[in-house]
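# Per-entry structural report
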Amino acid sequence: QVQLVESGGGLVQPGGSLRLSCAASGFSFSVYAMSWYRQAPGKERELVATISRLGGSTNYADSMKGRFTISRDNAKKTVYLQMNSLKPEDTAVYYCYVRTGYDYWGQGTQVTVSS
């Protein structure tokens with residue numbers, strides 16, 4: 001079955017960096033675009049970034065442009081989210097997502113930006 005397992009979250013000070021990873025299994029990873037979403041307390045889940053199946057195209061939400069970088073390693077079946085210059089408003093649970101005909105989500109990883 002499809003599994004998406006996120007890791008790399010934690011507590012970081014404002015201005016700091018984190019790198020999230022999402023290990024995928026149970027589907028042909030290199031065939032599908034992958035995305036990161038996030039959900040802050042009391043807010044709707046929002047798209048953070050998307051990467052095409054071979055990594056040649058990426059898209060970001062406006063508030064993440066220039067600070068976040070999505071990448072993938074198809075050999076490792078892993079998608080990454082490098083987050084720099086983190087702000088308190090980036091505090092959220094971050095989810096990995098793939099649509100293969102069905103929608104699949106990981107369990108999420110908590111990112112807390114606080115001094």
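Before reading further, recall that the structure is shown in the block above.
Note that the coordinates shown come from a computational prediction; the quantities given were computed from them, not determined experimentally. (Residues numbered from 1 in each chain as written. Predicted model: local features only at pLDDT ≥ 70, side-chain atom pairs only at ≥ 80, totals over all residues. Heavy atoms only, no water.)

### Quick notes on the overall build of the protein
Across its full length, the protein holds 0 helices and 11 strands. Ordered by position from N to C terminus, the α and β elements of the protein give β-β-β-β-β-β-β-β-β-β-β. What you see for the protein is a C-alpha radius of gyration of 13 Å, in line with the 13 Å of a compact globule of 115 residues. Buried residues in the protein amount to 41% of all 115 residues. Pairs at least 24 apart in sequence give 51% of the contacts found in the protein among residues at least 6 apart. Looking at the protein as shown, the accessible area adds up to about 6,100 Å², and 46% of this sits on carbon and sulfur atoms. (Helix = DSSP H or I, 4+ residues; strand = E, 2+ residues; numbered from the N terminus. Rg over C-alpha atoms; globule rule 2.2 N^0.38 Å. Buried < 20%, exposed > 50% of the residue type's maximum accessible area, 1.4 Å probe, protein only. Contact = heavy atoms within 4.5 Å. Areas by Shrake-Rupley, 256 points an atom, 1.4 Å probe, with all protein chains shown as cover.)

### What to know about the pattern of salt bridges
Here the structure, examined in full by the defined rule, presents 5 salt bridges. We note a salt bridge from R38 to E46, for which the minimum N-O separation is 2.6 Å. A residue is classified by how much of its surface remains accessible, and E46, at 32% relative accessible area, is partly exposed. Here K65 ties to D62 by a salt bridge, and the two come within 3.2 Å at their closest N and O atoms. Exposure remark for D62: the relative accessible area of 64% places this residue in the exposed category. A single salt-bridge network, built from bridges that share partners, covers R38, E46, R67 and D90. (Salt bridge = Lys/Arg side-chain N within 4 Å of Asp/Glu carboxyl O.)

### Quick word on the state of the cysteines
Two cysteines, two sulfur atoms, one covalent bond between them: this is a disulfide. Within this structure, the stated rule accounts for 1 disulfide. Two residues, C22 and C96, share a disulfide whose sulfurs are 2.1 Å apart. In this structure the cystine formed by C22 and C96 twists about its S-S bond by roughly -85 degrees; its chirality is therefore left-handed. With C22 in strand β3 (residues 18-25) and C96 in strand β9 (residues 92-99), this residue pair connects regions lying 74 residues apart in the sequence. Here C22 and C96 have matching classes, each one buried. (Disulfide = S-S within 2.5 Å.)

### Quick look at the sheet that holds strand β8 (residues 78-83)
Ordered by their spatial adjacency, 4 strands build an open sheet running β1-β3-β8-β7, and the pairing between neighbours is antiparallel. At either margin of the open sheet sits one strand with a lone partner, and together these are β1 (3-7) and β7 (68-73). The average undirected angle you get between the axes of adjacent strands in this sheet is 15 degrees. With 5 bridges connecting them, β1 and β3 associate as antiparallel partners. Paired with V5 across the bridge in β3 is A23. (Pairing = 2+ DSSP bridges. Axes fitted to C-alpha atoms, helices over the stretch in contact; angles between N-to-C directions.)

Shape is all these values report; function is a separate question.
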